[in-house]
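# Structural features, examined
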Amino acid sequence: MPTKYQFIKSSSTINSSTSISVDNCFSSAYEVYHCIFELDEVSAELALQVRLKNASGVVTSSNYDHATEFLRAGSGSDSEGRNTNDTKWNYVMYGEGSVGGFFEMYIYNPADSSGYTYAHWQTSTHYLASSTNVHLSRKGLGILTVTEAHTGIQVYGGSNNLTLAKLSVYGVK
């Protein structure tokens, strides 16, 4: 029987890479999964996106809906963003300068082929607002509006590559 919080799998990259995935991590053993992404270094501005994977590979259909609140400390202003019918959960994390950041995402019912998959996340990163270093936090939620079983997760840089990154998946009861 699964425990209440169980490490499932992780993946990491040392060199510059376009994406990082954890495959075959979602199953019927858990309805909730906790995914933690850590990025120790970026070489340039980096917007991170998330897609789920199924038995055929990365799900790129226009069925991702999401809403995000952007919270900046110091210089800059707070804002929000939302999108429907996207091909990914967009701007899950954003980083600039040489400093990375992290996000945590909870994914609900990814292995259930009879319902939608939901997620919510929060992030903490470094941001340059008018050349001033500030802390940037985001809180977001998303839904993948297809009824299919998902087996894994992919994080990819929408604008640049990942360096020194780790993605870990845990089952939650």
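Here, every reference points to the structure presented above.
Right, let's walk through the structure included here.

Rules used in this analysis
- Residues numbered from 1 in each chain as written.
- Predicted model: local features only at pLDDT ≥ 70, side-chain atom pairs only at ≥ 80, totals over all residues.
- Heavy atoms only, no water.
- Pairing = 2+ DSSP bridges.
- Helix = DSSP H or I, 4+ residues; strand = E, 2+ residues; numbered from the N terminus.
- Contact = heavy atoms within 4.5 Å.
- Buried < 20%, exposed > 50% of the residue type's maximum accessible area, 1.4 Å probe, protein only.
- Polar contact = N/O pair within 3.5 Å; in protein donor to acceptor, adjacent residues only side chain to side chain.
- Core = buried A, V, L, I, M, F, W, Y, C linked by side-chain atoms within 4.5 Å.

## Observations regarding the pairing of strand S3 (residues 32–41)
By the bridge criterion, eight bridges tie S3 to strand S9 (residues 101–108) in an arrangement that is antiparallel. Residue pairing across strands places Leu39 opposite Gly101, the latter belonging to S9. As paired strands, S3 and strand S13 (residues 163–172) are joined by nine bridges and run antiparallel to one another. Each bridged residue has a counterpart across the sheet, and for His34 the counterpart in S13 is Tyr170.

## Some points on the side chain of Thr68
Looking at where Thr68 falls in the secondary structure, it is placed in strand S6 (residues 64–72). Thr68 has contacts with Ser79, Glu80, Gly81, Asn90, Trp121, Arg138, Lys139 and Gly140, leaving out every residue within four places of it along the chain.

## Describing the environment of Ile143
Note that Ile143 resides in strand S11 (residues 132–144). We classify Ile143 as buried; its relative accessible area is 17%. Put simply, Ile143 and His120 are 23 residues apart on the chain and 8.8 Å apart in space, counted from C-alpha to C-alpha. With sequence-adjacent residues up to four places away left out, Ile143 is seen in contact with Asn63, Tyr64, Asp65, Trp89, Tyr116, Thr117 and Tyr118.

## Remarks on the environment of Thr84
Along the polypeptide, Thr84 turns up in strand S7 (residues 79–86). Measuring from C-alpha to C-alpha, the distance between Thr84 and Asp65 comes to 4.3 Å, with 19 residues separating the pair along the chain. With residues near it in sequence (within four places) discarded, Thr84 still touches Tyr64 and Asp65.

## Examining unusual backbone geometry
Positive phi, normally seen in glycine, also occurs at Asn24, with a value near 50 degrees. Tracing the backbone through its elements, the reader meets Asn24 in the loop between strand S2 (19–22) and S3. We classify Asn24 as exposed; its relative accessible area is 59%. At Asn85, a residue that is not glycine, the phi angle is positive and equals roughly 55 degrees. Locating Asn85 in the fold gives a position in strand S7. Overall, Asn85 belongs to the exposed group, its relative accessible area being 53%.

## A few points about the side chain of Arg138
Its place among the elements puts Arg138 in strand S11. For Arg138, the side chain forms a polar contact with the main-chain oxygen of Tyr91, separated by 3.1 Å.

## Notes on the nonpolar core
Nonpolar side chains tend toward joint burial in soluble globular proteins. In terms of nonpolar packing, the biggest core is built from 32 residues, with Phe26, Phe37, Leu39, Trp89, Met105 and Ile153 touching the most fellow members. Within the residue set of this core, elements represented by two or more residues are S2, S3, strand S4 (46–54), strand S8 (89–95), S9, strand S10 (117–129), strand S12 (152–157) and S13. Discounting chain neighbours no more than four positions away, the residues touching Met105 are Tyr33, His34, Cys35, Val50, Trp89, Val92, Ala119, His120, Trp121 and Ile153. Core analysis: the second largest hydrophobic core is formed by five residues, Ala47, Tyr127, Val134 and Leu136 among them.

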